[in-house]
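Overview (structure and organization)
Chain residues, written in single-letter form:
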Amino acid sequence: MLLHMAEPRTVHVAYSIAQDEDGVWCARAQLHAGVVAYGDGDTEQAAIEDLREGLLGLLDEFGAPRELTLVIPDAA
């Protein structure tokens, strides 16, 4: 089931990804405190897509996280 909203919203979710000792790519993202999604696959992209599917389910169940957007100035 997908998140139902009046208007589409972009949610930025930081994630980490690494390859385990068996060669499987594993991705992880925390949506809220104690609410974590995982994805895995034979490639980095497959793991990210699996993670994306998990996050969509969690967004439907727990809602989108609050976001703060920062603009980082150039260190000239």
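Keep in mind that this is a model prediction, so the values were computed, not measured.

**Notes on the sheet that holds strand β1 (residues 16-19)**
- Strand order in the open sheet made by the three strands is β1-β2-β3, with antiparallel pairing throughout. In this open sheet, the two strands that pair with only one neighbour each are β1 and β3 (35-41). Recorded for the sheet is a direction-independent mean angle of 20 degrees between the axes of neighbouring strands.
- The pairing of strand β2 (residues 25-32) with β3 spans seven bridges and is classified as antiparallel. Within β3, the residue paired with A27 across the bridge is G39.
- Set on the sheet, helix α1 (residues 44-62) makes contact with β1, β2 and β3; between it and β3 the angle comes to about 150 degrees.

**A few points about the pairing of β2**
- Where β1 meets β2, four bridges bridge the pair, whose relative direction is antiparallel. Considered in β2, the bridge of Q19 is made with W25.
- Between β1 and β2, which pair antiparallel in sequence order, lie five residues; one of them, G23, sits at a positive phi of approximately 90 degrees.
- In this antiparallel pair of consecutive strands, β2 and β3, the connection spans two residues, and G34 shows a positive phi of 80 degrees.

Conventions we followed
Residues numbered from 1 in each chain as written. Predicted model: local features only at pLDDT ≥ 70, side-chain atom pairs only at ≥ 80, totals over all residues. Heavy atoms only, no water. Pairing = 2+ DSSP bridges. Helix = DSSP H or I, 4+ residues; strand = E, 2+ residues; numbered from the N terminus. Axes fitted to C-alpha atoms, helices over the stretch in contact; angles between N-to-C directions. Contact = heavy atoms within 4.5 Å.

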